[in-house]
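The lines below spell out each chain.
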Amino acid sequence: MLDVRDIHSYYGDSHVLQGISLRVGKRESVCLLGRNGAGKTTTMKSIMGYVPPRKGTILFEGRDITRLRTHEIVRMGIGYVPEDRRIFPQLTVRENLEIAARRDASGRWDMASVLELFPLLKRLLDRKGGKMSGGEQQLLAIARALIGNPAFLLLDEPCEGLAPVIVEELKRTILILKEALPFLIAEQNARFALEVSDRGYVIEKGLMKYEGTTESLRSNAEVQQRYLSV
Ligand code: ATP
């Protein structure tokens, strides 16, 4: 479904991604692990066209999206939940969702089905985005991506800054999502990410260091110690 081939991405002269390759199959949930500053967010932003790679290719469902603009990539079916969530603070939950709903969409997700998956948001429909807790905003960011009926989801560090009890709620939601669509999730919280994924990659300093099933990642002491321990 997603095929990232040897991408090199820069911020100005700073060569951040130095040949990243990864793949996600049609029915797969895959995690991208690595410490703070490893290049996870830059990989996500490269896929979404915010930081287009200078070298390498990104294919989505077999089509080259490397040089497309972000809105075109979204239209092709990639939903993006950014690390900073980007909820509209002055708009209510309902309005945040309405803005994201695609009028032409005839997919599985609409206001009713999204609210069924997120009962908490149903209770907060008239709450302004800016008045929500970090965990509530995270759920809204995922709901907002879903209501656009993507074929594939990119989740950038959804656990960041959330209390353990909220992380549990998030896990429940993502495990339900796993049945509905493939995703790539970037996380520093390896334990969480490995629980919701089938396979994973480990990135460090813009280089891919390891790839394997979640079991192999969990049981590899060297990977755990060198790349994943905080
Ligand atoms: P985090 O957990 O902090 O989000 P990450 O793995 O997502 O980490 P990136 O945000 O992709 O890492 O950062 C990779 C490298 O690129 C880091 O060295 C970071 O300092 C640098 N970097 C990130 N954003 C910019 C920017 N806008 N301009 C210049 N350098 C940047």
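In what follows, the accompanying structure is described. Each residue is numbered by its place in its chain's sequence as written, counting from 1. Local features in this predicted model are restricted to residues whose pLDDT is 70 or higher, and side-chain atom pairs enter the listing and the counts only when it is 80 or higher, whereas totals over whole chains, interfaces and linings include all residues. Calculation of side-chain values draws on the structure's entire complement of heavy atoms; hydrogens and water are dropped beforehand.

## With respect to helix H7 (residues 164–180)
When the terminal C-alpha atoms of H7 are compared, their 25 Å separation across 17 residues agrees well with the 24 Å that a helix rising 1.5 Å per residue should span. Only protein chains enter the accessibility calculation, which uses a 1.4 Å probe. A residue is then buried if its area is under 20% of the maximum for its type, exposed if over 50%, and partly exposed in between. A run of DSSP states H or I qualifies as a helix once it reaches four residues; a run of E qualifies as a strand once it reaches two. Both are numbered from the N-terminal end. For H7, every residue scored as buried is listed here: Val 167, Leu 170, Lys 171, Thr 173, Ile 174 and Leu 177. Buried residues along H7 sit against helix H4 (111–117), helix H6 (134–146), strand E7 (152–156), strand E8 (183–187) and helix H8 (190–196). In a helix, the anticipated span is given by 1.5 Å times the number of residues less one. Contacts are assigned to residue pairs that have any heavy atoms within 4.5 Å of one another.

## Structural notes on the sheet that holds strand E9 (residues 199–204)
Here a strand pair is declared whenever DSSP counts at least two bridges between the two strands. What the six strands build is an open sheet, ordered E6-E7-E8-E3-E9-E10; its pairing is mixed. One side of each edge strand has no neighbouring strand; the edge strands of this open sheet are strand E6 (78–81) and strand E10 (207–213). This sheet shows a mean twist of 15° between the axes of neighbouring strands, independent of strand direction. When strand E3 (residues 29–33) meets E9, the two strands line up parallel, connected through four bridges. By the bridge assignment, Leu 33 is partnered in E9 with Val 202. All axes are obtained by fitting lines to C-alpha atoms, using only the stretch in contact for helices, and the reported angles, taken between N-to-C directions, cover 0 to 180 degrees. Helix H10 (residues 221–228) contacts E3, E9 and E10 of the sheet and is inclined by roughly 45° relative to E9.

## Structural notes on the site of the ligand
Taken together, 13 residues lie near the ligand, and Asn 36, Gly 37, Thr 41, Thr 42 and Glu 157 sit nearest. In protein, a polar contact means a hydrogen-donor-capable atom and an acceptor-capable atom, both N or O and within 3.5 Å, with residues adjacent in sequence counting only if both atoms are side-chain atoms; elsewhere, any N or O pair within 3.5 Å suffices. One of the backbone nitrogen or oxygen atoms of Ala 38 is found 3.0 Å away from an oxygen atom of the ligand. Within the backbone of Thr 41, an N or O atom sits 2.7 Å from an oxygen atom of the ligand. Surface burial for the ligand is 60%, taken as the share of its 630 Å² of free accessible area covered by protein chains. Per element, the largest residue contribution to the shell around the ligand is three residues, and it comes from helix H1 (residues 40–47). Note on residue classes: Ala, Val, Leu, Ile, Met, Phe, Trp, Tyr, Cys and Pro are nonpolar, Asp, Glu, Lys and Arg are charged, and everything else, Gly too, is polar. Taken together, the residues of the shell around the ligand break down into three nonpolar, six polar and four charged. The criterion for a residue being near a molecule or strand is simple. One of its heavy atoms has to lie within 4 Å of it. The protein chains shown are the only cover counted for residues, whose accessible areas, like all others here, come from Shrake-Rupley with a 1.4 Å probe.

## Overview of the pairing of strand E2 (residues 14–24)
Sheet analysis places strand E1 (residues 2–11) next to E2, joined by eight bridges and oriented antiparallel. Residue Ile 7 lies in a different strand from E2, and its bridge partner there is Ile 20. The antiparallel pairing of E1 with E2 creates a hairpin that spans two residues between the two strands, and Gly 12 there sits at a positive phi of about 60°.

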